[in-house]
Amino acid sequence: YKAAGAPEKLFCKFLPCEPQRKQAIADTHMGLREARFYKEIAPTLDIDMRIPDVYCSRFSAEDDSFVLVMENITDSGCTTSDGTQTVSLDSATRVLEELAFLHLEFSSREVRRKRIPWLTEKLFNGARRNNYAPKLISYGLEHHRHRLSSSFAELSDLYLKKTQKLHAIWAV
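Cut-offs used in this document
- Residues numbered from 1 in each chain as written.
- Predicted model: local features only at pLDDT ≥ 70, side-chain atom pairs only at ≥ 80, totals over all residues.
- Heavy atoms only, no water.
- Phe/Tyr/Trp six-rings, centres within 6.5 Å; stacked < 30°, edge-to-face > 60°.
- Polar contact = N/O pair within 3.5 Å; in protein donor to acceptor, adjacent residues only side chain to side chain.
- Helix = DSSP H or I, 4+ residues; strand = E, 2+ residues; numbered from the N terminus.
- Salt bridge = Lys/Arg side-chain N within 4 Å of Asp/Glu carboxyl O.
- Buried < 20%, exposed > 50% of the residue type's maximum accessible area, 1.4 Å probe, protein only.
- Contact = heavy atoms within 4.5 Å.
- Axes fitted to C-alpha atoms, helices over the stretch in contact; angles between N-to-C directions.
- Parallel < 35°, antiparallel > 145°, perpendicular 65-115°, else oblique.
- Left-handed = near helix turned anticlockwise from the far one by under 90°.
- Nonpolar A, V, L, I, M, F, W, Y, C, P; charged D, E, K, R; others polar.
- Disulfide = S-S within 2.5 Å.
- Pairing = 2+ DSSP bridges.
- Core = buried A, V, L, I, M, F, W, Y, C linked by side-chain atoms within 4.5 Å.

### A closer look at the packing of aromatic side chains
Applying the stated criterion across every chain yields a total of one aromatic pair. Centroid distance F37 to Y38: 5.2 Å. Interplanar angle 75°. Geometry classified as edge-to-face.

### Points about helix α1 (residues 19-27)
Near the N-terminus of α1, the side chain that reaches the backbone nitrogen of Q20, with its oxygen 3.0 Å away, is that of E18. Positive phi appears at H29, one or two residues downstream of α1, with a value of about 60°.

### Overview of the pattern of salt bridges
Counting across every chain of the model gives seven salt bridges. Note that D157 is salt-bridged to R145, the shortest N-O span being 3.0 Å. Of the two residues, D157 is situated in helix α7 (residues 150-161) and R145 in the loop between α6 (132-144) and α7; the sequence distance between them amounts to 12 residues.

### Remarks on the side chain of E71
Residue placement: E71 occurs in strand β3 (residues 66-71). Judged by its relative accessible area of 14%, E71 is buried. Those residues in contact with E71 that sit more than four places away from it in its chain are F11, R50, P52, D53, Y55 and S76.

### Examining the packing of α6 against α7
At a minimum axis separation of 10 Å, α6 and α7 run at an interaxial angle of 140°. Considering their axes alone, α6 and α7 lie oblique with respect to each other. In the crossing of α6 with α7, the sense of the turn from one axis to the other is left-handed. Judged by residue contacts, A133, P134, I137, S138 and L141 of α6 engage A153, S156, D157, Y159 and L160 from α7. Residues belonging to the contact of α6 with α7 are distributed by class as follows: seven nonpolar, two polar and one charged.

### A look at the state of the cysteines
Following the criterion strictly, the structure yields zero disulfides and no others. We note that C17 lacks a disulfide partner, and the nearest cysteine sulfur, in C12, lies 12 Å from it. We note that C56 lacks a disulfide partner, and the nearest cysteine sulfur, in C12, lies 8.7 Å from it.

### Describing the pairing of strand β2 (residues 54-59)
Side chains on a regular strand alternate between the two faces of the sheet. As paired elements, β2 and β3 share five bridges and run antiparallel to each other. Within β3, the position partnered with F59 by the bridge is F66. Counted between consecutive antiparallel strands, the loop separating β2 from β3 contains six residues, among which D64 sits at a positive phi close to 60°.

### Quick look at the nonpolar core
Core analysis: the largest hydrophobic core is formed by nine residues, namely L15, I25, A26, A35, Y38, A42, F66, L68 and M70. Those elements giving two or more residues to this core turn out to be α1, α2 (30-41) and β3. In terms of residue count, the dominant contributor to this core is β3 (three residues). If we skip the residues at most four places from it in the chain, L15 touches K22, I25, A26, D64, S65 and F66. By size, the runner-up hydrophobic cluster in this structure holds eight residues, among which are I41, L45, I47 and F106.

Structure follows, in structure tokens:
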């Protein structure tokens, strides 16, 4: 592989093997959205945020399975957090600004329908109806609140109290 210029290490993302988690994640259609994001949207973005190269992006609408074969970003000096490490305020600020610009670019329904027609209301709202995010946040608060900052825990509690209202605001 070296002679062909392939990286020594790759990072693969796919559904978990454990049946309950596998189904919960499949029900969110995350694989479809993520695979298509990297394949169709990421190459068109004009942002400074580091987005890994993706060498293969496949998904199945039949069972919501997916596979992403990606660059191992740690090889280029990037770090990933397991949640117990913090990032600098400057790094967090830059990432949040880039994410805000990304979301602003797609804030118009007209733009979303033109550039990402596959992100339909049925798909997007279906992912919300299974309540995967609130379940994860509830679990995290219940089992790991002591590891979270008070601000993060407070925002998480607020999200859980206002989930339906927030989802209505965020609706496609």
